[in-house]
Amino acid sequence: MATMARANSGPAYPERFYAAASYAGFDGSPNSNTKDIASRFSNDVALILYALYQQATVGPCNVPKPSSWSPVEHSKWKSWQQLGNMVSTEAMRLFVKILEEEEPGWYSRASNSVSEPVIDVQMNHNSNVEPIIENTNSFVETKIISAENGGLMETEDKDVVSEGLGSIVVYDKWISPPVIGQHPKARYQHGAAVFQDKMYIYGGNHNGRYLNDLHVLDLRSWTWSKVEAKVVPKSVESPSPVNIAPCAGHSLIPWENKLLSIAGHTKVPSETIQVKAFDLQTGTWSVLSTYGKAPVSRAGQSVTLVGTTLVIFGGQDAKRTLLNDLHILNLETMTWNEIDAVGAPPSPRADHAAAIHAERYLLVFGGGSHATCFNDLHVFDLQAMEWSRPTQQGEIPTPRAGHASVTVGENWFIVGGGDNKSGALETVVLNMSTLAWSVVASVEGRVPLASEGLSLVVGSFNGEDMLISFGGYNGHYNNEVNVLKPSHKSTLQSKMMEARVPDSVSAIHNVTNPTRDLESEFEVGHEGKIREIVMDNIDTGHQKFEGEETTERIIATLKVEKEELESSLNKEKLQSLQLKQELAEAKVQNSDLHKELQTIRSQLAAEQSRCFKLEVDVAEQRQKLQTMETLQKELELLQRQKAASQQAALNAKQRQGSGGVWGWLAGNPQ
């Protein structure tokens, strides 16, 4: 069916590209005034605009390298040549995107000379896409995701104009839709929420500066626009408007006809968590009054909507103290309550992800502290008020923080995050009933999907859910939008669909979409319950058989599957019994080793005591020996003195005797 459509912000492609090229100074002739272009843009921007224009209008660079020595010509040739085999339409889209980033209001300034044509858009939902041939260029919109070093990952060619989410036809693959309008400033740690087919982006962090702008993306036309919000005064008595301070690390929750902004860091932090509300009908911001003891202000927390209450866990306060407390805000009474939980809570953390399952179980995954990142899973029972840490199944994701998550039925999708070294490349999903992890999609290179602080929301089109990501930081700030259509569906939705089908139905449904498999199987959950998982997307207009025959066949098939499952369950029980026995033996061995260790420790303590006593005795003996050596020296000295005295006395006696004889001989008297 052909419909008439007019782009909301200027003409559609390729007219939009030619209008942008004309505005930038590329008039289509080979002698375009490149000096004027270079004077209006920086050298890098002028070179890439030139290369994209050549790629879009001429094609891949097949001209020889300039032989003359001219730095300008060499740079132009090299810039064009590096684009490789990029398709013409992608070059057009990138040309317009770069021009919009450099001069956001270019079309309004060029509207006097560029008319806004009405474009006949051919809506084609078939797999065979007929390209629109105009100006000798094949115009087929190509949705891509930029990869590392400026490379490109081509996903699919599709004739898509103004179809919004309906243009996404590939399952389990991230694509970048052709978004138009004034893009928000690149950022991370912002808030995102979906309300009536529109995604709202509020606040965030850009180059360390907090933001408070509000943007909206129409998910049907892929058009960005900025919301010029107003601020209402606190009260009639105080007509001065309240201060809506820029913030980052907050949570944005849709509630009734409002968007609630919870917590977040600000330049001048408050003592407690603030709750701000944006009224989508009046377009005004206000600060809501709350009652009870409000939690301390924080950022990087998780805020989960459960019925009419918000459950807030963890985060990091203004003093960089990590938290693991749990609070509830009743949105009907706006009253705070702190939960006094039992069991071992998760360690203090921020930038984790949380989800609610069956309106009862709060799941918390990952997050980070000041030194490390986590990949543990914790569950809080909102009825029993108890924390537990269940066993995860499947391939457990790597530790990460700053990731984003949404739930689709019982499936919990987690995107992005990192560990301060590299970003997480896999989009993973946790079945919250079986606690089994699986990988949905992977990306390559430093793309926004492998960023920290990105946002993830879920939109729907024709009853199918879509994951939509925005922003993030992976070395540089991003403002790109990426979309994934998951093949994982809600088991609850499938059972509801089955309930509408009468028991006498006799149609055998065949698979019509080759990208998805039809599965009807019984699965044994972690609690031993058997759950039936029936995938939808089946065609009901095929050959029919008699109801009784079909019913008997189904019953026979189910019996066989039941026997196989019972056999598997018996094997698992046997293996579990063996593991319990091995665990008991290990405990006994561990107890014996512990006793032996205690005995050895006692012997070692006794030996240490004896050694200490011996060291004391040796010290005393050494002291006595030193005393004896001193006495020996004194004795030897006294002996020498005694010998000297005796010798002196003997000499004196001899002199006395010899003097008397000579005196007598000389006639002297004595």
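The protein chain carries the name ACB domain-containing protein in an unreviewed UniProt entry, which gives Gossypium barbadense as its organism. Here the protein chain is described in UniProt, under the heading Sequence similarities (unreviewed entry), as follows: "Belongs to the ACBP family."

(A) Structural detail: the sheet that holds strand β28 (residues 426-431). On the basis of which strands lie adjacent, the open sheet formed by five strands has the order β25-β29-β28-β27-β26 and mixed pairing. Whereas interior strands pair on both sides, the edge strands pair on one side only; in this sheet they are β25 (393-394) and β26 (404-408). The pairing of β26 with strand β27 (residues 411-415) spans five bridges and is antiparallel. Residue pairing for β27: Ser405 is matched across the bridge by Ile414.

(B) Broad picture of the sheet that holds strand β22 (residues 361-365). One open sheet accounts for four strands, arranged β21-β22-β23-β24; its pairing is antiparallel. Each edge of the open sheet is held by one strand with a lone partner, namely β21 (353-357) and β24 (386-388). In this sheet, adjacent strand axes meet at a mean angle of 20° when their direction is disregarded.

(C) Quick look at the side chain of Gln55. Relative to the assigned elements, Gln55 resides in helix α3 (residues 43-57). Looking at Gln55, its side chain comes within polar contact range of the main-chain oxygen of Met86, at 2.9 Å. Beyond its immediate stretch of four places on either side in the chain, Gln55 contacts Pro60, Cys61, Trp80, Leu83, Gly84, Asn85, Met86, Ser88 and Ala91.

(D) How the structure looks around the packing of helix α1 (residues 15-24) against helix α5 (residues 88-102). Look at α1 against α5: their axes get within 9 Å of each other, and the N-to-C directions meet at 50°. By the angle between their directions, the pair α1 and α5 is classed as oblique. Taken as a pair, α1 and α5 cross one another with a handedness that is left-handed. Together, Arg16, Phe17, Tyr18, Ala20, Ala21, Tyr23 and Ala24 of α1 and Met92, Phe95, Val96, Leu99 and Glu100 of α5 make up the contact between the two elements. For the contact of α1 with α5, the per-class residue count stands at ten nonpolar, no polar and two charged.

(E) Geometry of the packing of aromatic side chains. A full pass over the atoms with the stated rule returns 14 aromatic pairs. With a centroid separation of 4.6 Å and an interplanar angle of 40°, the aromatic rings of Tyr202 and Trp285 are classed as tilted. A residue pair is termed long-range when its members are at least 10 positions apart, and Tyr202 in strand β9 (residues 198-206) and Trp285 in strand β16 (residues 284-287) qualify at 83 residues. Accessibility expressed as a relative area gives 4% for Trp285, which makes it buried. Relative to Trp387, the ring of Phe313 has its centre 5.4 Å away and its plane inclined at 55°; by these criteria the two rings are tilted. Placement of the pair is Phe313 in strand β18 (residues 309-316) and Trp387 in strand β24, with a sequence separation of 74 residues. Across the pair, Trp387 and Phe313 agree in class, each one buried. Ring pairs connect the aromatic residues Phe17, Tyr18, Phe26, Tyr53 and Phe95, which therefore count as one cluster. Over the ring of Tyr50 we find Lys76; its NZ or CZ atom is 4.7 Å from the centre of that ring. Here the basic side chain of Lys485 rests over the ring of Tyr171, its NZ or CZ set 5.1 Å away from the ring centre.

(F) Up close: the nonpolar core. Of all hydrophobic cores here, the largest spans 31 residues; its most connected members are Phe17, Phe26, Phe41, Leu52, Phe95 and Trp106. In terms of residue count, α3 provides more of this core than any other element does, eight residues in total. What Phe41 contacts, discounting residues up to four positions off in sequence, is Ala24, Ala46, Leu49, Leu99, Glu102 and Glu103. One finds Ile168, Val179, Trp224 and Val481 within the second-largest nonpolar core, a separate group that totals 18 residues.

What counts, and at which threshold
- Residues numbered from 1 in each chain as written.
- Predicted model: local features only at pLDDT ≥ 70, side-chain atom pairs only at ≥ 80, totals over all residues.
- Heavy atoms only, no water.
- UniProt positions renumbered as here; feature names shortened; annotations may be inferred.
- Pairing = 2+ DSSP bridges.
- Helix = DSSP H or I, 4+ residues; strand = E, 2+ residues; numbered from the N terminus.
- Axes fitted to C-alpha atoms, helices over the stretch in contact; angles between N-to-C directions.
- Polar contact = N/O pair within 3.5 Å; in protein donor to acceptor, adjacent residues only side chain to side chain.
- Contact = heavy atoms within 4.5 Å.
- Parallel < 35°, antiparallel > 145°, perpendicular 65-115°, else oblique.
- Left-handed = near helix turned anticlockwise from the far one by under 90°.
- Nonpolar A, V, L, I, M, F, W, Y, C, P; charged D, E, K, R; others polar.
- Phe/Tyr/Trp six-rings, centres within 6.5 Å; stacked < 30°, edge-to-face > 60°.
- Buried < 20%, exposed > 50% of the residue type's maximum accessible area, 1.4 Å probe, protein only.
- Lys NZ or Arg CZ within 6 Å of the ring centre and 35° of its normal.
- Core = buried A, V, L, I, M, F, W, Y, C linked by side-chain atoms within 4.5 Å.

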